[in-house]
Amino acid sequence: MAALSLSLYRAAMTALQPFAPGLLRSRAAKGKEDPTRLQERLGHASVARPDGGLVWIHAVSVGESQAVLPLIERLAKARPDLSLLVTCGTVTAAALLARRLPPGAIHQYAPLDTPASARRFLDHWRPDLVVLVESEIWPNLILGAKQRGARLALISARITHKTASGWARMARGIRQVLAAFDLVLPQDELSAERLRYFDVETDGRLNLKLSGEPLPADPADLAAMKAAIGDRPVVLAASTHAGEEALIVTPMLTAIRSEAPAALLIIAPRHPERGPEVLAALGAGHGPVALRSRGDRITRQTAIYVADTLGEMGLFIRLANVVVMGGSFVPGVGGHNPMEPARLGAPVISGPQVFNAAEVYEAMVEGERGAMIVDSPKHLSMALAGLLGAPEAARRLGASGQAFAEAQSAQLDAAWTRLEALLP
């Protein structure tokens, strides 16, 4: 790397090695690591490697893990002779993968990129193909896999301005690492431009968060929830963040009282462990509130239902007449992917802060393809009232978003053809 060479990076990561166990234990004490599986983060496998070819897929957190699941499932069906190893870096992603991975797929936590951890991991698993999602660039793992004869793909690559600026300070080394990839599929043209600066030629695009499958839902749970809710309209505030519930709950309830007084408001916080905090933030005076994690039931009197469980967003979206996307009314989060409700035909209202999915929202809002953006909680109330007061118009908006989502599946088909050529 220019300012920081690969040899200096390796030296720095080598110096970190003796402190890694202590750092991991400290993170585990804060709930950021699984204390029973810290050895995996040091490259020690917890299960044996199966015989035959093996594909290693890495997605760091929940969003990336969820987005790559359709590709994992396609791999499992098309090549049952191959073993699939899926790694992630967060405990919430591990919980999601434990429920959603196809039978036979192996989950491990990704190792730290220290030379010793990377060597242990690669010597044990010996992957034939490595598939990294978004912008997971770990030089020791990538170059070590290449040296062992693996082929490498970087898919749904999302290279932000911040990422590219950081890479520019170590451009020579980054170019060497990126040259190890046999296939690079960026999410969008901006990411492609930034990759070209580092001499990466791209052919094709793939945004896994655009081209995924609808989120699943347990049929029995869905039937039970529908029976409990009856014919009441449902407004879902999805993936809300700290401080956001207090901002948007009153405007949403104002719209509900105006246009659909019987409606149920479901709040699904992005981090389910915040359930009690969300209850406290709501305060009193909104009517009866229920909390899913403690087993509260929905009754005809329930005004707000806090859905503080992991991996059930597909259930709540299927219940919703309108989805209000969280992470967009508070600074610093950047919004969340509107394609999840769009795939299930639910119209979306978002706040103004959507830089994490700006191109998706631009395409959906300008073409009236299932989403609208409002500037403030006051305008949220007006937009929500408009959709609740005109249910047929809301259904048309949701259907338009669903058609847009279905059209994105062609990207995944084209990417699959490219990736299939790299399989052992």
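Residues numbered from 1 in each chain as written. Predicted model: local features only at pLDDT ≥ 70, side-chain atom pairs only at ≥ 80, totals over all residues. Heavy atoms only, no water.

Colleague: Would you explain helix H16 (residues 358-366) in this entry?
Modeller: Residues Val360, Tyr361 and Met364 constitute the buried set of H16. The buried residues of H16 occupy one face: seen down the axis, they fall within an arc of 95°. Of the surrounding secondary structure, the elements contacted by the buried residues of H16 are strand E11 (322-325), helix H15 (339-343), strand E12 (348-350), strand E13 (371-373) and helix H18 (391-407). Within two residues after H16, Glu368 carries a phi angle of roughly 50°, on the positive side. (Buried < 20%, exposed > 50% of the residue type's maximum accessible area, 1.4 Å probe, protein only. Helix = DSSP H or I, 4+ residues; strand = E, 2+ residues; numbered from the N terminus. Arc of directions from axis to C-beta. Contact = heavy atoms within 4.5 Å.)

Colleague: Can you help me understand helix H12 (residues 244-259) in this one?
Modeller: Given a rise of 1.5 Å per residue, 16 residues ought to cover 22 Å, and the 23 Å separating the end C-alpha atoms of H12 matches this to within 8%. On its buried side, H12 packs onto strand E7 (234-240), strand E8 (264-269), helix H13 (275-282), strand E10 (304-306), E11 and helix H17 (377-389). (Expected span 1.5 Å × (residues − 1).)

Colleague: Explanation requested: the environment of Ala223 in the structure shown.
Modeller: Looking at the element boundaries, Ala223 is found in helix H11 (residues 219-229). Here Ala223 falls in the partly exposed class, since its relative accessible area comes to 46%. As for Ala223 and Ser7, which are separated by 216 residues in sequence, their C-alpha atoms are 58 Å apart.

Colleague: Help me understand the packing of helix H6 (residues 115-125) against helix H7 (residues 139-147), please; the structure alone is not making it clear to me.
Modeller: The description of two packed helices rests on the angle between their axes and on the distance between the axes. Closest axis-to-axis distance for the H6/H7 pair is 9 Å, and the angle between their directions is 40°. Relative to H7, H6 is oriented oblique. For the element pair H6 and H7, the recorded crossing hand is right-handed. For the pair formed by H6 and H7, the contact residues are Pro115, Ala118, Phe121 and Leu122 on the first element and Asn140, Leu141, Gly144 and Ala145 on the second. Class assignment for the residues of the contact of H6 with H7 results in six nonpolar, two polar and no charged. (Axes fitted to C-alpha atoms, helices over the stretch in contact; angles between N-to-C directions. Parallel < 35°, antiparallel > 145°, perpendicular 65-115°, else oblique. Left-handed = near helix turned anticlockwise from the far one by under 90°. Nonpolar A, V, L, I, M, F, W, Y, C, P; charged D, E, K, R; others polar.)

Colleague: What's the story with the layout of surface pockets in this structure? I'm lost.
Modeller: What the second largest pocket holds in volume is close to 640 Å³. Looking at the second largest pocket, it is lined by 29 residues, and the ones nearest its centre are Val60, Ser135, Glu136, Ile137 and Trp138. Partitioned by chemical class, the residues of the lining of the second largest pocket number 20 nonpolar, five polar and four charged. (1 Å grid on protein atoms, 1.4 Å probe; cavity = no way out; pocket = protein on both sides within 12 Å on 5 of 7 lines; lining within 4 Å. Points joined across faces, edges and corners; volume = space filled by probe spheres on them.)

Colleague: Just checking my understanding: could you explain the environment of Arg300 for this structure?
Modeller: On the secondary structure map, Arg300 appears in the loop between strand E9 (289-291) and E10. Each C-alpha atom, one on Arg300 and one on Ala385, is 21 Å from the other, the two residues being 85 residues apart in sequence. Contact partners of Arg300, with chain neighbours within four places excluded, come to Ile229, Gly230, Asp231 and Arg232. Within polar-contact distance, the side chain of Arg300 engages the backbone oxygen of Ile229 at 3.4 Å. (Polar contact = N/O pair within 3.5 Å; in protein donor to acceptor, adjacent residues only side chain to side chain.)

Colleague: For this particular structure, what's the right way to read the sheet that holds strand E3 (residues 106-109)?
Modeller: In sheet architecture, strand pairing relies on hydrogen bonds along the backbone and comes in two forms, parallel and antiparallel. With parallel pairing, the six strands of this open sheet are ordered in space as E3-E2-E1-E4-E5-E6. Each edge of the open sheet carries a strand with a single partner, namely E3 and strand E6 (183-186). Taken pair by pair, the neighbouring strands of this sheet meet at an average axis angle of 15°, ignoring direction. Together, strand E1 (54-58), strand E2 (83-88), strand E4 (129-133) and strand E5 (151-157) form the strand contacts of helix H4 (residues 62-78), whose direction differs from that of E2 by roughly 175°. (Pairing = 2+ DSSP bridges.)

Colleague: Where do I start with the sheet that holds E10 in this structure?
Modeller: Spatially, E9-E10-E8-E7-E11-E12-E13 is the arrangement adopted by the seven strands of the open sheet, whose pairing is parallel. With one partner strand each, in any of the chains shown, E9 and E13 form the two edges of the open sheet. On average, each strand axis in the sheet is tilted by 20° relative to the strand beside it, whichever way the strands run. As paired strands, E7 and E11 are joined by four bridges and run parallel to one another. Across the sheet, residue Val235 finds its bridge partner in E11, namely Val322. The strands touched by H12 are E7, E8, E10 and E11; relative to E7, the strand with the most contacts, the crossing angle is about 170°. Packed onto the sheet, H16 meets E11, E12 and E13 and runs at close to 105° relative to E13.

Remember, this is a structural readout, not a statement about activity or role.
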